[in-house]
Amino acid sequence: MTGYSINGIQQVGIGVENATEAWKWYRKAFGMNVPIFEDKAEAKLMTRYTSGKVHSRHAILAMNMQGGGGFEIWQYESKKPQKADFDLDFRNLGILAIKIRCRQIEGCFNHLKKIGAQILTEPCKDPLGVSHFFVKDPFGNTFELRENSSWFSQSEALTGGVCGVTIGTSSIDQSLSLYQNLLQHPHQLLDQTEKWEDLPTQKLDSASFRRVFLQNNQSPTGAFGKLLCQNQIELLEYQGDKGVPVFENRDWGDLGFIHVCFDVNQMDELKSKSQDMNLAFTVDSQNNFDMGEAAGRFSYLEDLDGTLIEFVETYRVPIFKKLGLYFKLKENQKPLPNIMVKALGLNRVKD
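Residues numbered from 1 in each chain as written. Predicted model: local features only at pLDDT ≥ 70, side-chain atom pairs only at ≥ 80, totals over all residues. Heavy atoms only, no water.

> What is the right way to read the nonpolar core from this model?
For soluble globular proteins, nonpolar side chains are generally found buried alongside one another. Membership of the largest hydrophobic core comes to 56 residues, with the highest contact counts inside it found for Tyr26, Phe30, Phe71, Phe143 and Phe311. With seven residues, helix 1 (residues 19-30) is the largest single contributor of residues to this core. If sequence neighbours within four positions are ignored, Tyr26 has contacts with Ile14, Gly31, Met32, Phe71, Ile73, Asp137, Phe139, Asn141 and Phe143. The next biggest cluster of nonpolar side chains, apart from the first, holds 47 residues, and it includes Phe90, Ala97, Leu227 and Leu329. (Core = buried A, V, L, I, M, F, W, Y, C linked by side-chain atoms within 4.5 Å. Buried < 20%, exposed > 50% of the residue type's maximum accessible area, 1.4 Å probe, protein only. Helix = DSSP H or I, 4+ residues; strand = E, 2+ residues; numbered from the N terminus. Contact = heavy atoms within 4.5 Å.)

So this is what it looks like as structure tokens:
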């Protein structure tokens, strides 16, 4: 295999005050009940984004085995995580919402309403004709539930994992090369500017947005490409005075959506390509990433507005931690057989 591959959204990082409490809610709300790792350590390589200080943290990577990306639930243990000192809305720059796949929109709506999620919009159609709605979790984060046809497996659960993200940018024209080309989301499904009735922008009078939907290829790549499924990146550009970055004057790891992470193969090839595009890595673990249960290499770069994009090339993940069984993946470029991927579900947490 030549070149690199972006295999899908592996996870979105969520900074919270209490990782254990947040994970319990995300299990109940979105079925994120399979831990890939849970680890406490110091984030020594991230001082560029933590005010020059090494901080300790508690991190949990949790997945939904029906398909889609997971959540990296991230809690500072050496300081109190800070929230934004301004009201976040869709004018801001950065990760504004996580898209969650669901099978039946009314069932998902009733479920989330029942467990106390803050309803932001009623179910309706987006400009692609897809049924969706928006909610907030108890921690102030916005999620979009949307009907989806790309799944890995089927159960009675109403939702799967992450099927995309919404990112606010100051210039879609300047951002497209990164998101469409470097991140290998070549299919542009929509590029339209208007005042949108389906977005949670009711507090923004006469708010007009340029809205672009990008989608990756259907054919899975990488060991876990089948599990990650197809995903979308939605870019939003406010047609007025731009908001500030969602992490303005705050650290990576503070409260909110801290990064979107893509599963990759051939990190060196990706690094070379990013340098050619003047999008150099700002962090690169080389072969240093070890979460005790999982290991690999991670890197970061920034988009036009400082939104953090993470890449992870996975070398080892646990199959069944109690027996010390692991996948070793460093040389693997092809999708694993379904039965092997489903073995990750042996670690499922039952409430």
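Don't stop here, the text continues.
> Is there a simple way to think about the side chain of Glu234 in this case?
One can find Glu234 in strand 13 (residues 232-238). There is a polar contact of 3.5 Å between the side chain of Glu234 and the side chain of Thr166. (Polar contact = N/O pair within 3.5 Å; in protein donor to acceptor, adjacent residues only side chain to side chain.)

> Would you take a moment to explain the packing of aromatic side chains for this structure?
How two aromatic rings sit relative to each other is set out by the distance from centre to centre and by the angle between their planes. Under the counting rule described, the total for this entry stands at 20 aromatic pairs. An angle of 85° between the planes, with centres 6.4 Å apart, marks the rings of Trp25 and Phe139 as edge-to-face. A residue pair is termed long-range when its members are at least 10 positions apart, and Trp25 in helix 1 and Phe139 in the loop between strand 8 (131-136) and strand 9 (142-147) qualify at 114 residues. Judged by its relative accessible area of 8%, Trp25 is buried. Each ring, one from Tyr26 and one from Phe30, has its centre 6.3 Å from the other, and the planes form 20°; the classification is stacked. Note that Tyr26 and Phe30 are positioned in helix 1 at a spacing of four residues, about one turn of the helix. Overall, Phe30 belongs to the buried group, its relative accessible area being 0%. (Phe/Tyr/Trp six-rings, centres within 6.5 Å; stacked < 30°, edge-to-face > 60°.)

> Which parts of the structure should I look at to understand the pattern of salt bridges?
Opposite charge on two side chains makes pairing possible when the charged atoms of those side chains draw close. Inspection of the entire model under this criterion finds 19 salt bridges. The shortest N-O distance in the salt bridge between Glu144 and Arg146 comes to 2.6 Å. Residue class for Glu144 comes out buried when judged on its relative accessible area of 0%. For Lys271, the salt bridge is made with Asp284, and the minimal N-O distance between the two is 2.9 Å. With Lys271 in helix 5 (residues 267-276) and Asp284 in strand 15 (residues 283-284), the pair connects residues that are 13 residues apart, well separated along the chain. (Salt bridge = Lys/Arg side-chain N within 4 Å of Asp/Glu carboxyl O.)

> How do you make sense of the state of the cysteines when you look at a structure like this?
By definition, a disulfide links the sulfur atoms of two cysteine residues through a covalent bond. With the rule as written, the count across this model stands at zero disulfides. Cys108 provides the cysteine sulfur closest to Cys102, a residue in no disulfide bond, and the two sulfurs are 3.4 Å apart. For Cys102, a relative accessible area of 0% puts it in the buried group. Left unpaired, Cys124 is separated from the closest cysteine sulfur, that of Cys102, by 12 Å. (Disulfide = S-S within 2.5 Å.)

> I tried to follow helix 2 (residues 105-114) on my own but got confused; where do I start?
Count 3.6 residues to each turn of an α-helix, and residues three or four apart come out pointing the same way. Every buried residue belonging to helix 2 is among Ile105, Gly107, Cys108, Phe109 and Leu112, and all of these are buried. The elements touched by buried residues of helix 2 are helix 1, strand 5 (94-102), strand 6 (118-119), strand 8, strand 9 and strand 10 (159-168).

> Looking at this structure, how should I read the pairing of strand 1 (residues 5-15)?
On a regular strand, one side chain projects to one face of the sheet and the next to the other, so that they alternate. Burial within strand 1 is extensive, with 11 of its 11 residues counted as buried. As judged from the nine bridges shared by strand 1 and strand 14 (residues 256-265), these two strands associate in the antiparallel manner. Residue pairing across strands places Gln11 opposite Cys261, the latter belonging to strand 14. Sheet topology places strand 1 next to strand 4 (residues 70-76); five bridges connect them, and they run parallel. Within strand 4, the position partnered with Gly13 by the bridge is Glu72. (Pairing = 2+ DSSP bridges.)

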